[in-house]
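What follows is each chain in one-letter form.
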Amino acid sequence: VEDVEAEVDKYTLSAFIISHTKDKEMTIMMNAMQLACKLIARAVRKAGVANLYGLHGSANASGDDVKKLDVLSNDIMINALRNSGMCALLVSEEEEKPIIIPEELRGKYCLAFDPLDGSSNIDCNVSTGTIFSVFERKSTGEPTVDDILRPGTDMVAAGYCMYGSATDFVVTFGNGVHRFTLDDSVGEFIHFGEMKFPAKNKTIYSCNEGNFTLWDDKIQKATEMFKAGPKPYSARYVGSMVSDVHRTILYGGVFYYPADKKSTKGKLRVLYEGLPMALLTEQAGGLANTGMFKGKLGRIMEVIPETIHDRCPIIMGCERDVEKVLAFYKEG
Ligand code: AHG
Ligand code: MN
Ligand code: MN
Ligand code: MN
């Protein structure tokens, strides 16, 4: 009996959101979000047998080759959030323009999401995820893109779902980061606990060193420092931002996708990769900085996207290691 009691007093994600936010509209919207993530998790895990691997045959606004699962995940997210009746405007990596929710289904939230992050890893069964950021609109009347071209400091919530060996749902409402794990037998995300950088951060650096020759000399020197030691860092790079950030918060270390000569703003998109991951990283006790961007070092949270698919450079992780990278810019 005690096992069942233990399970019962563990929070489900739904119970947590109700008690943590006491906001009915947020609860309804987040219920739609978690349903979408459960459906995407099922599609990702069935992909092999359901002929869902491979390309869709188009490119998206960022120029990515769109995968079949990118499209399916995108449809699932849009349908769930639109039908929740809690959203006014949606931005998706897979939609060139913002989606304005019809008046009869319109609510107060504006969301940006990456329906399937790391989708280049799908066909070889490496972990992927879904990332989202939530803003509350200030305007009334017809929603416009200005309702979401805002700094990260305007976000009211952010989170991701990681389709790894387990299906983890991680969310913050600006008051700590909480982690939930999907219990397939009951179809509920069960509260695993608060998520913070560890007291003793492991020495891990995480970047695509294939871009080394394109980086500025400061990032090159920082990377050489991590490798040189006195105690060399371990290199860990999955190539799915959700996986690299999830490991960085849980174990410590630093993840960076800097600007380079080819992509002067870096590769990762502000609204549905940079900002949500920056809020989560800061809420977990870490730092999230752009490195030298538009002439200065700054918090990713203060970046205001110029367009819905705008990009920014990313250096995020435990304070110790982000500061080690920034020191090369500060020394000049
Ligand atoms: P997405 O699959 O949503 O387009 O995102 C891919 C991103 C991110 O997940 C990851 O950190 C980065 O691309 C990896 O880029 P490289 O393959 O250039 O290292
Ligand atoms: Mn993509
Ligand atoms: Mn992505
Ligand atoms: Mn994606």
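Everything discussed here concerns the structure shown above.
Worth saying up front: this structure is predicted, and the values here are computed from it rather than measured.

When helices and strands are counted, the chain shows eight helices and 15 strands. The C-alpha radius of gyration of the chain comes to 19 Å, within 12% of the 20 Å expected for a compact globule of 332 residues. Over its C-alpha atoms, taken along the principal directions, the chain stretches across nearly 55 × 55 × 40 Å. Accessible area of the chain: about 14300 Å², with a carbon and sulfur share of 53%. For the chain, the separation between the mean place of its 38 positive charges and that of its 45 negative charges on side chains is 4 Å.

Take the packing of aromatic side chains next. Following the criterion strictly, the structure yields nine aromatic pairs and no others. Grouped by ring-pair contacts, the aromatic residues Y205, F212, W215, F226, Y233 and Y256 constitute a single cluster. Just above the ring of F192 sits the side chain of R179; from NZ or CZ to the centre is 4.4 Å. In this structure, K202 is placed above the aromatic ring of Y251, and the distance from its NZ or CZ to the ring centre is 5.6 Å.

Take the coordination of the manganese ion (ligand 3) next. On the protein side, the manganese ion (ligand 3) has D114 (OD), D117 (OD) and E273 (OE) as donor atoms, found 2.0 to 2.1 Å from it. Along the chain, the residues donating to the manganese ion (ligand 3) are arranged with the sequence spacing D-x2-D-x155-E. A separation of 5.5 Å is found between the manganese ion (ligand 3) and the manganese ion (ligand 2). Within this pair, whereas D114 is found in strand β5 (residues 106–117), its partner E273 is found in helix α7 (residues 270–283), the two being separated by 159 residues in sequence.

This next bit is on the coordination of the manganese ion (ligand 4). Each protein donor to the manganese ion (ligand 4) is listed here as E93 (OE), D114 (OD) and L116 (O); together their distances run 2.0 to 2.3 Å. Here the donor residues for the manganese ion (ligand 4) map to a single chain with the spacing E-x20-D-x1-L. Here the manganese ion (ligand 2) and the manganese ion (ligand 4) are spaced 3.7 Å from one another, each receiving a donor from E93. Of this pair, E93 sits in the loop between β3 (87–92) and β4 (99–100) while D114 is found in strand β5, placing the two residues 21 residues apart along the sequence.

This part covers the packing of helix α5 (residues 217–228) against helix α8 (residues 319–331). One can describe the packing of α5 onto α8 by two numbers: an axis separation of 8 Å at closest approach and a directional angle of 135 degrees. In terms of orientation, α5 and α8 fall into the oblique class. Viewed along their axes, α5 and α8 form a crossing whose handedness is right-handed. Contacts from K218, I219, K221, A222, M225 and F226 in α5 reach D321, K324, V325, F328 and Y329 in α8. In terms of residue class, the contact of α5 with α8 is built from seven nonpolar, no polar and four charged.

This brings us to the packing of helix α6 (residues 241–251) against α7. How two helices pack is summed up by the angle between their axes together with the distance between the axes. Running from N to C, α6 and α7 point in directions that differ by 15 degrees, and their axes come no closer than 11 Å. By the angle class used here, α6 and α7 are roughly parallel. Of the two elements, α6 crosses α7, and the hand of that crossing is right-handed. Facing α6, whose interface residues are M241, V242, V245 and I249, α7 presents E273, M277, L280 and T281.

In space, the five strands of this open sheet follow the order β12-β11-β13-β15-β14, with mixed pairing throughout. A single partner strand is all that each edge strand has here, and the edge strands are β12 (234–235) and β14 (287–289). Pairing geometry for β14 and strand β15 (residues 314–317), over three bridges, is antiparallel. In the strand pairing of β15, L287 is matched with G317. Packed on one face of the sheet, α8 meets β11 (204–206), β13 (254–257), β14 and β15 and runs near 150 degrees to β15.

We now examine the site of ligand 1. In the neighbourhood of ligand 1, 18 residues make up the surrounding shell, with D117, G118, Y237, M241 and Y257 lying closest. At a separation of 2.9 Å, an oxygen atom of ligand 1 approaches a polar side-chain atom of D64. The side chain of N208 places a nitrogen or oxygen atom 3.0 Å from an oxygen atom of ligand 1. Computed on the free molecule, ligand 1 has an accessible area of 470 Å², of which 86% lies beneath the protein chains in the complex. Counting atoms within 2 Å of the grid points, the majority share of ligand 1 lands in the largest pocket. Of all the secondary structure elements, the ones that give two or more residues to the shell around ligand 1 are β5 and β13. Among the elements that make up the shell around ligand 1, the one with the highest residue count is β5 (three residues). Residue classes in the shell around ligand 1 are distributed as six nonpolar, five polar and seven charged.

The rules we used
- Residues numbered from 1 in each chain as written.
- Chains lettered and ligands numbered in written order.
- Predicted model: local features only at pLDDT ≥ 70, side-chain atom pairs only at ≥ 80, totals over all residues.
- Heavy atoms only, no water.
- Helix = DSSP H or I, 4+ residues; strand = E, 2+ residues; numbered from the N terminus.
- Rg over C-alpha atoms; globule rule 2.2 N^0.38 Å.
- Areas by Shrake-Rupley, 256 points an atom, 1.4 Å probe, with all protein chains shown as cover.
- Lys, Arg positive; Asp, Glu negative; His and termini not counted.
- Charge placed at Lys NZ, Arg CZ, Asp CG, Glu CD.
- Phe/Tyr/Trp six-rings, centres within 6.5 Å; stacked < 30°, edge-to-face > 60°.
- Lys NZ or Arg CZ within 6 Å of the ring centre and 35° of its normal.
- Donors = N, O, S within 2.8 Å, 3.2 Å for Na, K, Ca; no water.
- Axes fitted to C-alpha atoms, helices over the stretch in contact; angles between N-to-C directions.
- Parallel < 35°, antiparallel > 145°, perpendicular 65-115°, else oblique.
- Left-handed = near helix turned anticlockwise from the far one by under 90°.
- Contact = heavy atoms within 4.5 Å.
- Nonpolar A, V, L, I, M, F, W, Y, C, P; charged D, E, K, R; others polar.
- Pairing = 2+ DSSP bridges.
- Near = heavy atom within 4 Å.
- Polar contact = N/O pair within 3.5 Å; in protein donor to acceptor, adjacent residues only side chain to side chain.
- 1 Å grid on protein atoms, 1.4 Å probe; cavity = no way out; pocket = protein on both sides within 12 Å on 5 of 7 lines; lining within 4 Å.
- Sits in = over half its atoms within 2 Å of the grid points.

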